[in-house]
Amino acid sequence: MEGTQSALQALLRLRAQQPGDAAGASRARARRLLSASRLIVVLAVFAMGATLLCAAIGYGVARQSDERLWLAQRSALRNVIAEARLVFGQPGALDPHVMRLVEQSAGLKGLEFEADPAPGARLMQPVVDADGRITGFLTWQRTHPTTDMVTRLMPLIAGIAIVLVGFAGFSLRQLRRAREDLAASEERARRAGDADKLTGLANHGKMLELLDQALAARGASMATTFALIEIDGLADASAELNAPASDDLTATVAQRLQYVLPVEAQCGRIGSNEFALILTAAADFDVEALVRTALDAIARPYWIDSVARLIAYAGIAQAPFHANTRAELTRRAEIALRAAIKRGPGSIVIYEAAIDAISADEKFIQLELPRALAAGELDLHYQPIVAAQGARIVGVEALLRWKHSVRGYIPPATFIPIAEQMGLMDTLGAFVLRRALSEAKRWSSIYVAVNLSPLQMRDAEIVVLVRKSLEDSGVPAARLMLEITEGVLIENPEEMIKRIKDLHALGVRIALDDFGSGYSNLGYLQRFPLDKLKIDKSFVAALGRSPNGGVIIQAIVALGRALGLSVLVEGVETEEQRVLLRLAGCDEMQGYLFAKPAPARTIDRLLAEPARAGGMRRGAEQAGRQTA
Ligand code: C2E
Ligand code: CA
Ligand code: CA
């Protein structure tokens, strides 16, 4: 009984516990106790059966024993009578004294002589005379000593049996409850194993299982969508907020997803900053709109301790259009996600074969770039920068060129990010700086602008590299302009201010490249000791297209100048743009209108020509023919 009780208690404790390791240990204990209770039930039932059987057997045995007693009494009586007859003659004539004597010697009770006794009640032994006639009967009391003893024990046996029956019944009930509790706890544990602890959403393993099920159950006209959502900023927020607050942030993301997604969409958290969706719906269902709703929900500000913002990207793959197996579908969703991340914040990319080709290109570049670098396949072209007034060349921007022997021209925007990923940017950056300075030696009247990748700027060694390259080339530091981008400044302002100051100390100037394409916070930029603002070509492209284009670029130029910066506008392609920008007050311009990036010898020739805008445009045509 105690065993069953403690089994039950263990199971009740288990019910109150949270799933986890402790629960796992309790479950094992409950399972052991459950087996113990099972044994108790079996033993109780067995004991009850044994008791009842013993009682039945005991009763039968007792009756036989009583009957044997009667036989013994009868034979003892017969012997006594035979002996008595010898002494006293016929027993019928025995006086009461002799009768008591016979009674005692035969071990009987209430021995009487009856001429005609009533049958059944008493035991009897006929008395015959010398002629063999029955003269009467000696009768004595029928006793049941063994049966009486067993009968007296019966209530006790019945009591034991009843207790055992009750105990077996109770044990059976407890056993059933224990079994139910264990099943429930195992189900809970199973579910806990399927759920992400923080958000309660399905975890990675469960999502794969659900995807398998969705793929198996998909009808002919149905599509199964697998979408991956990656969130940027969760790690930053986690670093800034305390741990519970960052957990809250993740949980809020999950809540928002559940709130905006339809109930049929299965949503899971498959990584610290990665969520997944499975949706089986009619093939013409607008999956992109649904994922867009999810990304918009994630992008709304969060109020946890302070205001936090997150950016999300999504990659989508669908069965049967993109793949039919789980492995292929998830792989393609992953490829689409990588493409979305490249495309920028908030992007959603649905898988297409062309994206796969891009990743194949990436692999090709990864293989070929180190070899190309060693084999000297990389080169620099220079794009002239002209003064807004008079179109005189004041500088050149060094731009990397890679002409692959088989693949042809590979754009820097394609291979530079891969070089960064591969850790080749140091070598590549050093090559550009040294090559640009060594070629710039002969253009003594102009400056050379060299692009620095964010990775290079983050490394304090860049200051040493710049100093050494300047020393080795002999080019005065004032003729070197380094172009950096906003992103790297915003990431780590304090360190970047120091870095810029260190570079300034060498005598070089710093330009902020692609201004307007990123964060574009002029007030913020005031903090950095910059020399030049390069306004992104997208503003110039907007000049003619939108009515406000002109106003915006005028305002930016004015603000840049108000901050004491020299303003350069990139991507100038038409005469109209040039005129408008000059009127807006920009200092320098760069673009195909003046010249395309071209090899150093073309710059030699351009510099030798009279510095006229017209001359520059002719130069551009020639240079364009060479680079294209
Ligand atoms: P960027 O620094 O903004 O370079 C200007 C890009 O605009 C160049 O593209 C140039 O060819 C192009 N461009 C120049 N004038 C015009 C125009 O009138 N219209 C249009 N539509 N485009 C024009 P490119 O050479 O393909 O370089 C792309 C980017 O690759 C560069 O953008 C720069 O971020 C990066 N890059 C190039 N060379 C280097 C390098 O040596 N180091 C680093 N870190 N990045 C480099
Ligand atoms: Ca640049
Ligand atoms: Ca630029």
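It should be noted that the structure appears before, not after, this text.
Residues numbered from 1 in each chain as written. Chains lettered and ligands numbered in written order. Predicted model: local features only at pLDDT ≥ 70, side-chain atom pairs only at ≥ 80, totals over all residues. Heavy atoms only, no water.

Enquirer: Got a minute to help me understand the coordination of the calcium ion (ligand 2) in this structure?
Expert: Each donor-metal-donor angle in an ideal tetrahedron of four donors is 109.5 degrees, and each such angle in an ideal octahedron of six donors is either 90 or 180 degrees. All of the protein donors around the calcium ion (ligand 2) are Glu397 (OE), Asn451 (OD1), Glu483 (OE) and Asp513 (OD); their distances to the metal are 2.2 to 2.3 Å. Sequence positions of the donors to the calcium ion (ligand 2) reduce to the motif E-x53-N-x31-E-x29-D. Between the calcium ion (ligand 2) and the calcium ion (ligand 3), both coordinated by Asp513, there is a metal-metal distance of 3.8 Å. In this pair, Glu397 is assigned in strand β12 (residues 393–404) and Asn451 in strand β14 (residues 447–451), connecting sequence segments 54 residues apart. (Donors = N, O, S within 2.8 Å, 3.2 Å for Na, K, Ca; no water. Helix = DSSP H or I, 4+ residues; strand = E, 2+ residues; numbered from the N terminus.)

Enquirer: Help me understand the pattern of salt bridges in this model?
Expert: Where side chains of opposite charge bring their charged atoms close, a pairing between them can arise. One pass over the full model with this rule turns up 29 salt bridges. When salt bridges with common partners are traced through the structure, they connect Glu397, Glu483, Lys534 and Glu570 into a single cluster. (Salt bridge = Lys/Arg side-chain N within 4 Å of Asp/Glu carboxyl O.)

Enquirer: Please clarify how the sheet that holds strand β9 (residues 311–319) should be interpreted in this entry.
Expert: Pairing between the strands of a sheet is mediated by backbone hydrogen bonds and can be parallel or antiparallel. Here five strands make up an open sheet; going across it, the order is β5-β6-β4-β9-β10 and the pairing mixed. Sheet topology places β5 (266–271) and β10 (348–350) at the edges, where each strand pairs with a single neighbour. Strand-to-strand twist of the sheet, defined as the mean angle between neighbouring strand axes without regard to direction, takes the value 20°. Sheet analysis places strand β4 (residues 222–232) next to strand β6 (residues 274–282), joined by nine bridges and oriented antiparallel. (Pairing = 2+ DSSP bridges. Axes fitted to C-alpha atoms, helices over the stretch in contact; angles between N-to-C directions.)

Enquirer: Would you explain unusual backbone geometry in this entry?
Expert: Generally, phi is negative for residues other than glycine and the peptide bonds are trans, each holding for most cases. Cis rather than trans, the peptide bond between Ala319 and Pro320 has omega equal to 5°. Assignment of secondary structure puts Pro320 in the loop between β9 and α9 (326–343). If you check the backbone angles, Ala391 has positive phi at about 60° while not being a glycine. By secondary structure assignment, the location of Ala391 is in the loop between β11 (378–387) and β12. Exposure remark for Ala391: the relative accessible area of 2% places this residue in the buried category. In this model, Asp514 sits at a positive phi of 55°, which is unusual for a non-glycine residue. Topologically, Asp514 is positioned in strand β16 (residues 509–515). (Buried < 20%, exposed > 50% of the residue type's maximum accessible area, 1.4 Å probe, protein only.)

Enquirer: Honestly, the packing of aromatic side chains in this entry has me stumped. Any pointers?
Expert: Aromatic ring pairs: the centre-centre distance and the angle between the two ring planes describe each pair. All told, the structure shown has two aromatic pairs when counted by the stated rule. The interplanar angle of 80° and the centroid separation of 4.9 Å between the aromatic rings of Tyr382 and Trp443 together place this pair among those described as edge-to-face. You can see Tyr382 sitting in strand β11 and its partner Trp443 sitting in the loop between α12 (425–440) and β14, a full 61 residues away along the chain. When sorted by exposure, Tyr382 lands in the same class as Trp443, which is buried. Ring centres of Trp402 and Phe415 lie 5.4 Å apart, and the angle between their planes is 85°; on these two criteria the pair is classed as edge-to-face. Residue Trp402 is located in strand β12, and its partner Phe415 is located in helix α11 (residues 412–422); the two are separated by 13 residues in the primary sequence. Per residue, the accessibility class of Trp402 equals that of Phe415, and both read buried. Taking NZ or CZ as reference, Arg509 lies 5.1 Å from the ring centre of Tyr447, over its face. (Phe/Tyr/Trp six-rings, centres within 6.5 Å; stacked < 30°, edge-to-face > 60°. Lys NZ or Arg CZ within 6 Å of the ring centre and 35° of its normal.)

Enquirer: Looking at this model, I keep getting lost on the coordination of the calcium ion (ligand 3). Mind explaining?
Expert: Ligation of the calcium ion (ligand 3) by protein atoms is provided by Asp513 (OD), Asp514 (OD), Glu570 (OE) and Glu570 (OE), these donors lying 2.2 to 2.5 Å from the ion. Here the donor residues for the calcium ion (ligand 3) map to a single chain with the spacing D-D-x55-E. A relative accessible area of 7% means that Asp513 is categorised as buried.

Enquirer: Would you explain the packing of helix α18 (residues 537–545) against helix α19 (residues 549–562) in this entry?
Expert: Two numbers describe a pair of packed helices, the interaxial angle and the distance between the axes. Contact pair α18 / α19: the axes reach a minimum separation of 7 Å and the direction vectors enclose 145°. Mapping the contact onto sequence places Phe539, Val540, Ala542 and Leu543 in α18 and Gly549, Gly550, Ile552, Ile553 and Ile556 in α19. Per-class residue counts for the contact of α18 with α19 are seven nonpolar, two polar and no charged. (Contact = heavy atoms within 4.5 Å. Nonpolar A, V, L, I, M, F, W, Y, C, P; charged D, E, K, R; others polar.)

Enquirer: What am I meant to see in the sheet that holds strand β3 (residues 134–140) here?
Expert: Strand order across the open sheet formed by three strands is β1-β3-β2, with antiparallel pairing between neighbours. Only two strands of the sheet have a single neighbouring strand rather than two, namely β1 (112–114) and β2 (123–128). Sheet twist, expressed as the mean angle between neighbouring strand axes with direction ignored, is 30°. As paired elements, β2 and β3 share six bridges and run antiparallel to each other. Residue pairing across strands places Leu123 opposite Trp140, the latter belonging to β3.

Enquirer: What am I meant to see in the site of ligand 1 here?
Expert: As a matter of local geometry, ligand 1 sits amid 23 residues, with Gln383, Arg401, Lys537, Glu573 and Tyr592 nearest to it. Taking Gln383, its side chain carries an N or O atom lying 2.8 Å from a nitrogen atom of ligand 1. Here an oxygen atom of ligand 1 and a side-chain polar atom of Asn451 are 3.1 Å apart. Expressed as a share of its isolated accessible area of 790 Å², the protein-covered part of ligand 1 is 83%. Mapped onto the shell around ligand 1, the elements with two or more residues apiece are β12, α11, α12 and β16. Counting residues per element, the shell around ligand 1 draws most heavily on β12, which supplies four residues. (Near = heavy atom within 4 Å. Polar contact = N/O pair within 3.5 Å; in protein donor to acceptor, adjacent residues only side chain to side chain. Areas by Shrake-Rupley, 256 points an atom, 1.4 Å probe, with all protein chains shown as cover.)

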